[in-house]
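Coordinate analysis (summary)
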Amino acid sequence: MEIKDHKITGIPFETARWMGGTITPEIVVVHDTASRLTPGNAARYLQNNDRNVSVHFVIECDGSVVQQVPLNRKANHAGKSHYHGRDFCNGFSIGIEIVNPGKMQGHSGWGARAWFGEVFELEEHDIQEVTTKEHGHGFWMPYTEAQIDTVIDLLQVLFNGIETLKDIVPHWYVSPGRKTDTNPLFPLEQVKSIIFGREDPVVEEADEQASHITAGACLQIKVPNGSLNMRRWPSFNPNIIASIPNDTVVPEIKRGNFGGLDWSKVFFDGRDGWIVTAYTESVKTLTSRLVSPPMPLR
Ligand SMILES: [Zn+2]
C-alpha cells in the first residue's frame, strides 16, 4: 500500500456523498461505528446518508478496508471536537471508523445488548464489562485482531506518506463527555508505540504502576471448562502470549488496575504476563510446590 493522488493503492475507493474542502491533515481520529457487524452495513451508511456524515476509511470485522474520502479532503466524522486548543478537528484530521457495536448494556447475565437492540453472547465475542473515567460503565466487544492489524498497516502508510501528520487520537479524546469511541479495549498505546517506533513503553509503565505482591502469593485460574489468556501487557488484543488451563495455580508477581480492571502479572510456562484477576481465586499454598517440577518417578 502507498499513497497516490490522496488515495491508498490496493484498497477500494467508493466516493462519499458528503465531502468538504481541502485540508492539511495533522492528526488521525480513530472511531468505532456503533453499528451492526454485517459486512458493508456501516460502510454503506457512511458513504451515503442524509445526515452529512462521512469518513476517510471504514474497517470491517475481517480487516478489509474501504476508503471513501481523499486524504486531502474534509470528511464529517468528528463533529464538535477540539484538539490541544483547536476546534473542529474535521478541518485537520483523517478519520478511521472500525466496525464495532459500541457501548452495550448487560443482558440476562449471558449477553450484552447494543443500542440497536441486537444481543451478543459474552463468551462468543469475549465481551468485557469495563468502567473507565472516559467511557463510563459498559459492556464492550474487543476489536478483532484483523481490524487492529489493518489499523496499524493503514497508519504506517499514512504516517510514512504524510509529513504533516503528528498524532493518533480516539474520538473520545477530542469530544470528551460526548463520545465514548473507540472503546476501552482499543490498544491505543500499543498502536502508538508501533507507529512512533517506541520501545513498548506500556509494558514498562504497567510494571511501574502495579503494586508489589508478597512473595509466595498464588492465584488459581477459574474459567470452568476453559482457559485464561495471558497477555503481554494489561489490555485486550492483540497481545496474547499464552493460554492458562482452568485450575492451574500460578505465582502472582504484581497486581494493578488498568483501564478499569484489576490485572495480575503472573508466571506461567517459563515467562511472565498479565491476566484479568477476576478470573482467578487467591490460594494459600507453598510456592516451592508450584515452581519446582514434581519429582520424576523412577
Ligand atoms: Zn466517533
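Preceding this paragraph is the structure being described.
Bear in mind the structure is a predicted one, so any value in this text is a computation, not a measurement. (Residues numbered from 1 in each chain as written. Predicted model: local features only at pLDDT ≥ 70, side-chain atom pairs only at ≥ 80, totals over all residues.)

Turning our attention to the nonpolar core. Ranked by internal contacts, the top residues of the largest apolar core, which has 45 residues, are Val28, Val29, Val58, Ile59 and Ile96. Per-element accounting of this core gives the leading share, five residues, to helix H3 (residues 145-161). (Core = buried A, V, L, I, M, F, W, Y, C linked by C-beta atoms within 7 Å. Buried ≥ 20, exposed ≤ 12 C-beta atoms within 10 Å, placed from the backbone. Helix = DSSP H or I, 4+ residues; strand = E, 2+ residues; numbered from the N terminus.)

Further remarks concern the sheet that holds strand E10 (residues 111-113). Taken in spatial order, the three strands of this open sheet run E9-E10-E11, and their pairing is antiparallel. Every other strand in the sheet has two partners, leaving strand E9 (105-107) and strand E11 (119-121) as the edge strands with one partner each. Between one strand axis and the next, the sheet turns through 35° on average, direction left out of account. As paired strands, E9 and E10 are joined by three bridges and run antiparallel to one another. (Pairing = 2+ DSSP bridges. Axes fitted to C-alpha atoms, helices over the stretch in contact; angles between N-to-C directions.)

It is worth spelling out the pairing of strand E17 (residues 227-231) at this point. Counted residue by residue, E17 has four buried out of five residues, so it is predominantly covered. Sheet topology places E17 next to strand E18 (residues 240-245); five bridges connect them, and they run antiparallel. When the sheet's bridge partners are listed, arginine 231 is paired in E18 with isoleucine 240.

Helix H5 (residues 188-195) packs onto H3 with a crossing angle of 40° between their chain directions and a minimal axis gap of 10 Å. When the axes of H3 and H5 are compared, the pair comes out oblique. Viewed along their axes, H3 and H5 form a crossing whose handedness is right-handed. The segment H3 lies against H5, with Val151, Ile152, Leu155, Gln156 and Phe159 engaging Val191, Ile194 and Ile195. Broken down by class, the residue content of the contact of H3 with H5 amounts to seven nonpolar, one polar and no charged. (Parallel < 35°, antiparallel > 145°, perpendicular 65-115°, else oblique. Left-handed = near helix turned anticlockwise from the far one by under 90°. Contact = placed C-beta atoms within 7 Å. Nonpolar A, V, L, I, M, F, W, Y, C, P; charged D, E, K, R; others polar.)

Sheet strands associate in pairs through backbone hydrogen bonding, adopting either a parallel or an antiparallel arrangement. The mixed open sheet is built from five strands, whose spatial order is E5-E4-E8-E3-E14. In the strand order of this sheet, the two ends are held by strand E5 (65-67) and strand E14 (167-170), each with one partner. Each strand axis lies, on average, 20° off the axis of its neighbour in the sheet, ignoring direction. Relative to strand E8 (residues 93-98), strand E3 (residues 27-32) runs parallel, the two sharing six bridges. For valine 29, the partnering residue across the bridge sits in E8 and is glycine 95. In the packing of H3 onto the sheet, contacts are made with E3, strand E4 (57-59), E5, E8 and E14, and the angle to E8 comes to roughly 165°.

When you line up the elements, asparagine 183 lands in the loop between helix H4 (171-174) and H5. For asparagine 183, a count of 27 C-beta atoms within 10 Å corresponds to the buried category. When the C-alpha atoms of asparagine 183 and methionine 141 are compared, they prove to be 8.2 Å apart, with 42 residues separating the residues in sequence. For asparagine 183, the contacting residues outside a window of four places in its chain are Asp32, Asn100, His135 and Trp140.

Regular strands place their side chains on alternate faces of the sheet. The pairing of strand E12 (residues 128-132) with strand E13 (residues 136-140) spans five bridges and is classified as antiparallel. What sits directly across from valine 130, in E13, is glycine 138. Hairpin geometry of E12 and E13 is characterised by an intervening segment of three residues between the two adjacent antiparallel strands.

The next subject is H3. For H3, with 17 residues, the first-to-last C-alpha span of 24 Å sits near the 24 Å given by 1.5 Å per residue. Taken together, the buried positions of H3 are Gln147, Ile148, Thr150, Val151, Leu154, Leu155 and Leu158. The arc that holds every buried residue of H3, seen down its axis, measures 160°, which confines them to one face. Contacts made by the buried residues of H3 are with E3, E4, E5, E8, E14 and H5. (Expected span 1.5 Å × (residues − 1). Arc of directions from axis to C-beta.)

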